[in-house]
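This is what each chain is made of:
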Amino acid sequence: MQMYYLLPLVLIAAGIAYSMYVRKKVMAETANMTPEQLEQHFSDNYASYYDLQPDERIIGNWSGVEYQAPAGAARRIAGGALNAASAAVIGVSTYVPNVQVGLTSSGRVLVSREYSDFGQRGNFKQHAALAQGTRALNQDATYPSQDIGSPPSNPFNPLVRLEFVQLRSPSGDTYEAWLSPQGSRVGQHGFSSILQSLG
């Protein structure tokens, strides 16, 4: 029997063990903090993704992938060939950027978008700031009865399916992404979807 078949199971087990280790470490660090210190600690973990205003904190954060409308089959094939050629010739290829979406203590919703620096992914810069009163809408509310494509794989937890979210500000500005329902918000125990928090 080949051991290659066991590799996915080993990777999943390692991911679960690591997440349990991180959770235990965070709980130990935060066990003796006051609620105000916990809020500041939470904000400090995510603040580097965003351009915060003075006295503004992050009170909720969700990770995901930017939404890109599905292309026709011919366009997908041509795009894939161009992308492969680009990667082979100049070492750069296109990708769908990861995103972070943060809710601030002032009610603003901030979007931080991944960019590459000389081919290195994992860099983030604030892409949008939506005003207080921004709502999170699901596919049924934004594209009823339309095929918006299948969610991409979740780069943060492959076991959890991403959900389509449209952020819509009171002024009508929108931003669309596939976000993990495993977001965090100050004052809520466990994971929460942005659709629950801003729906």
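These figures come from a predicted structure and were not determined experimentally. (Residues numbered from 1 in each chain as written. Predicted model: local features only at pLDDT ≥ 70, side-chain atom pairs only at ≥ 80, totals over all residues. Heavy atoms only, no water.)

**Some details on the nonpolar core**
Stage number 1. Among the nonpolar cores identified, the biggest contains 17 residues, and V101, V109, L167, L179 and I194 are the most heavily contacted of them.
Stage number 2. Every element with two or more residues in this core is listed here: β1 (58-66), β2 (98-104), β3 (109-117), β4 (120-130), β6 (163-168), β7 (174-179) and α5 (194-198).
Stage number 3. Once residues lying within four places of it in the same chain are set aside, the contact partners of V101 are Y50, G60, N61, W62, V109, L110, V111, L167, L179 and I194. (Core = buried A, V, L, I, M, F, W, Y, C linked by side-chain atoms within 4.5 Å. Buried < 20%, exposed > 50% of the residue type's maximum accessible area, 1.4 Å probe, protein only. Helix = DSSP H or I, 4+ residues; strand = E, 2+ residues; numbered from the N terminus. Contact = heavy atoms within 4.5 Å.)

**So, the side chain of E56**
Stage number 1. Here E56 is to be found in the loop between α2 (35-46) and β1.
Stage number 2. For E56, a relative accessible area of 8% gives the class buried.
Stage number 3. Within polar-contact distance, the side chain of E56 engages the backbone nitrogen of Q53 at 2.9 Å.
Stage number 4. Of the polar contacts made by the side chain of E56, one reaches the side chain of S106; its length is 2.5 Å. (Polar contact = N/O pair within 3.5 Å; in protein donor to acceptor, adjacent residues only side chain to side chain.)

**Here's the deal with the pairing of β6**
Stage number 1. Looking at chain direction, strand β5 (residues 135-137) and β6 are connected through three bridges and run antiparallel. Each bridged residue has a counterpart across the sheet, and for L137 the counterpart in β6 is Q166.
Stage number 2. In terms of strand pairing, β6 meets β7 through six bridges, oriented antiparallel. Bridge pairing in β7 places Q166 opposite E176.
Stage number 3. The antiparallel hairpin formed by β6 and β7 contains five residues in its connecting segment, where G172 sits at a positive phi of about 100°. (Pairing = 2+ DSSP bridges.)

**Observations regarding the pairing of β3**
Stage number 1. With five bridges joining them, β2 and β3 adopt antiparallel strand pairing. By the bridge assignment for β3, G102 is matched with L110.
Stage number 2. Hairpin geometry of β2 and β3 is characterised by an intervening segment of four residues between the two adjacent antiparallel strands and by a positive phi of about 95° at G107.
Stage number 3. As paired elements, β3 and β4 share eight bridges and run antiparallel to each other. Its bridge partner lying in β4, E114 is registered against F124.
Stage number 4. From the end of β3 to the start of β4, which pair antiparallel, there are two residues, and F118 there has a positive phi angle of about 55°.

**Observations regarding the pattern of salt bridges**
Stage number 1. Considering all chains together, one arrives at four salt bridges under this definition.
Stage number 2. Note that R113 is salt-bridged to E66, the shortest N-O span being 2.7 Å. With R113 in strand β3 and E66 in strand β1, the pair connects residues that are 47 residues apart, well separated along the chain.
Stage number 3. For E66, a relative accessible area of 10% translates into the label buried.
Stage number 4. Two residues, R121 and E114, come together in a salt bridge whose shortest N-O distance is 2.8 Å.
Stage number 5. Among the residues examined, R121 registers a relative accessible area of 43% and is labelled partly exposed. (Salt bridge = Lys/Arg side-chain N within 4 Å of Asp/Glu carboxyl O.)

**Some thoughts on a nonpolar patch on the surface**
Stage number 1. Nonpolar side chains collect at one region of the surface, where L6, L7, L9, V10 and L11 lie side by side and expose about 470 Å² of accessible area between them.
Stage number 2. As for its position among the elements, V10 is in helix α1 (residues 7-30). (Patch = residues over 30% accessible without salt bridge, like charges linked within 9 Å, V, L, I, M, F, W, Y side chains within 5 Å. Areas by Shrake-Rupley, 256 points an atom, 1.4 Å probe, with all protein chains shown as cover.)

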